[in-house]
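Architecture at a glance
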Amino acid sequence: GAGVSQSPSNKVTEKGKDVELRCDPISGHTALYWYRQSLGQGLEFLIYFQGNSAPDKSGLPSDRFSAERTGGSVSTLTIQRTQQEDSAVYLCASSLGGASKGQNEQYFGPGTRLTVT
Amino acid sequence: GDSVTQMEGPVTLSEEAFLTINCTYTATGYPSLFWYVQYPGEGLQLLLKATKADDKGSNKGFEATYRKETTSFHLEKGSVQVSDSAVYFCALSDYSSGNTPLVFGKGTRLSVIA
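Residues numbered from 1 in each chain as written. Chains lettered and ligands numbered in written order. Predicted model: local features only at pLDDT ≥ 70, side-chain atom pairs only at ≥ 80, totals over all residues. Heavy atoms only, no water.

**Focus: the overall build of chain B**
Scanning chain B from N- to C-terminus turns up zero helices and twelve strands. What you see in chain B, going N to C, is helices and strands ordered as β-β-β-β-β-β-β-β-β-β-β-β. Computed over its C-alpha atoms, the radius of gyration of chain B comes to 14 Å, within 12% of the 13 Å expected for a compact globule of 114 residues. Summarising its shape, the C-alpha atoms of chain B cover approximately 45 × 25 × 20 Å along the three principal directions. Looking at chain B as a whole, 47% of its 114 residues are labelled buried. When contacts within chain B are restricted to residue pairs at least 6 apart in sequence, those whose partners lie at least 24 apart make up 57%. Roughly 5200 Å² of accessible area belongs to chain B as shown, and the carbon and sulfur atoms make up 48% of that amount. Each charge class in chain B was averaged separately, 9 positive and 12 negative side chains, and the resulting centres sit 3 Å apart. (Helix = DSSP H or I, 4+ residues; strand = E, 2+ residues; numbered from the N terminus. Rg over C-alpha atoms; globule rule 2.2 N^0.38 Å. Buried < 20%, exposed > 50% of the residue type's maximum accessible area, 1.4 Å probe, protein only. Contact = heavy atoms within 4.5 Å. Areas by Shrake-Rupley, 256 points an atom, 1.4 Å probe, with all protein chains shown as cover. Lys, Arg positive; Asp, Glu negative; His and termini not counted. Charge placed at Lys NZ, Arg CZ, Asp CG, Glu CD.)

**Describing the interface of chain B and chain A**
By a widely used convention, the size of an interface equals the accessible area lost when the partners come together. Taken together, the contacts link 18 residues of chain B with 20 residues of chain A. Both faces combined, the contact of chain B with chain A buries some 1600 Å², and carbon together with sulfur accounts for 54% of it. Seen at the junction of chain B and chain A, the total is one salt bridge. Across the pair Glu105(A) and Lys49(B) runs a salt bridge, and its minimum N-O distance is 2.6 Å. On inspection of chain B and its partner chain A, the count reaches four residue pairs in polar contact (both at pLDDT 80 or more). Elements that contribute at least two residues to the side of chain B that touches chain A include exactly β5 (32-38) and β6 (44-50) of chain B. Grouping the constituent residues of the side of chain B that touches chain A by class yields ten nonpolar, six polar and two charged. (Buried area = accessible area lost by both parts, 1.4 Å probe. Salt bridge = Lys/Arg side-chain N within 4 Å of Asp/Glu carboxyl O. Polar contact = N/O pair within 3.5 Å; in protein donor to acceptor, adjacent residues only side chain to side chain. Nonpolar A, V, L, I, M, F, W, Y, C, P; charged D, E, K, R; others polar.)

**Regarding the state of the cysteines**
In the structure shown here, the tally under the stated rule is two disulfides over all chains. One disulfide in the model links Cys23(A) with Cys92(A); its S-S distance is 1.8 Å. The sign of the S-S torsion, about -65°, decides the handedness of the disulfide formed by Cys23(A) and Cys92(A): left-handed. With a gap of 69 residues between them, Cys23(A) in strand β3 (residues 19-24) and Cys92(A) in strand β8 (residues 88-95) connect regions that are remote in the sequence. Under the relative-accessibility criterion, Cys23(A) is labelled buried at 0%. Sulfur-sulfur distance for the disulfide between Cys23(B) and Cys90(B) comes to 1.9 Å. The chirality of the disulfide connecting Cys23(B) with Cys90(B) is left-handed, given an S-S dihedral of about -70°. (Disulfide = S-S within 2.5 Å.)

**A few points about the sheet that holds strand β9 (residues 75-77) of chain B**
Sheet strands associate in pairs through backbone hydrogen bonding, adopting either a parallel or an antiparallel arrangement. Residue and element names in this part refer to chain B. Strand order in the open sheet formed by four strands is β3-β9-β8-β7, and the pairing between neighbours is antiparallel. This sheet does not close on itself; its edge strands, each paired only once, are β3 (19-21) and β7 (56-59). Looking at each pair of strands side by side, their axes are set apart by 15° on average, direction ignored. Bridge count between strand β8 (residues 62-65) and β9: three bridges; the pairing is antiparallel. When the sheet's bridge partners are listed, Glu63 is paired in β9 with Glu76. (Pairing = 2+ DSSP bridges. Axes fitted to C-alpha atoms, helices over the stretch in contact; angles between N-to-C directions.)

**Section: the sheet that holds strand β7 (residues 75-79) of chain A**
All names here are of chain A. Overall, antiparallel pairing links the four strands, which are arranged β1-β3-β7-β6 in an open sheet. Either end of the sheet is taken by a strand with one partner, and the two such strands are β1 (5-7) and β6 (65-69). Each strand of the sheet is rotated relative to its neighbour by a mean of 15°, with strand direction disregarded.

**Observations regarding unusual backbone geometry**
Following Ser7(A), the chain continues into Pro8(A) via a peptide bond in cis, with omega recorded as -10°. You can see Pro8(A) is positioned in the loop between β1 and β2 (10-13). Cis peptide bonds are those with omega within 30 degrees of zero, and the linkage from Gly9(B) to Pro10(B) qualifies with 0°. In the Ramachandran plot, Asp54(B) falls in the positive-phi region, its phi being about 75° despite a non-glycine side chain. Summarising the element assignment, Asp54(B) is placed in the loop between β6 and β7. Within the chain, Thr71(B) stands out as a residue other than glycine whose phi angle is a positive 45°. Topologically, Thr71(B) is positioned in the loop between β8 and β9.

Shown next, in the form of structure tokens:
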């Protein structure tokens, strides 16, 4: 079946502009995660959605970052007033989100490479 | 908080050599442990996992054993191939507090030469 998809695959933007990154999780997966992969910081958790619960935003690096998940499916990560240090690959993952450990494997999308000039 | 420490590369090996990539963790709960692999130009893929102490995860000739006493999850392969060249990430998820995000190590780049 279809995996996690992300768009765009690449985004180049000027410093100060806003950007929106989109994630389509695997159908039926209730949990959705955003991570950032950058050279200096490795892989960092940003935000996590589980069903209809309030999202866990503890990984967002600043208030310029926000995310929504509409209808429990598609998610959009928005970065306002982009800075050069925001340049990274933004990864989305989804999982079944059940209570059992075996239901919580995370499947990753191909990522969006963001370059802020 | 929870953390993962893995050996930093790059690691360069000849084909058919033995591979070990060390990984240790700290966690407040009883985490599940994972190895993810990122091949050149591709996304992250789950390589193997273990959810409780003494479990051995295995896939594609790779193995890792969940050692609670040493808080380790070292990745091993008996005979590497050129196609194993990739970046390997050790990770944990502490489900004792719910369906939590993954905490990753910094990654180890492996290059296998013919």
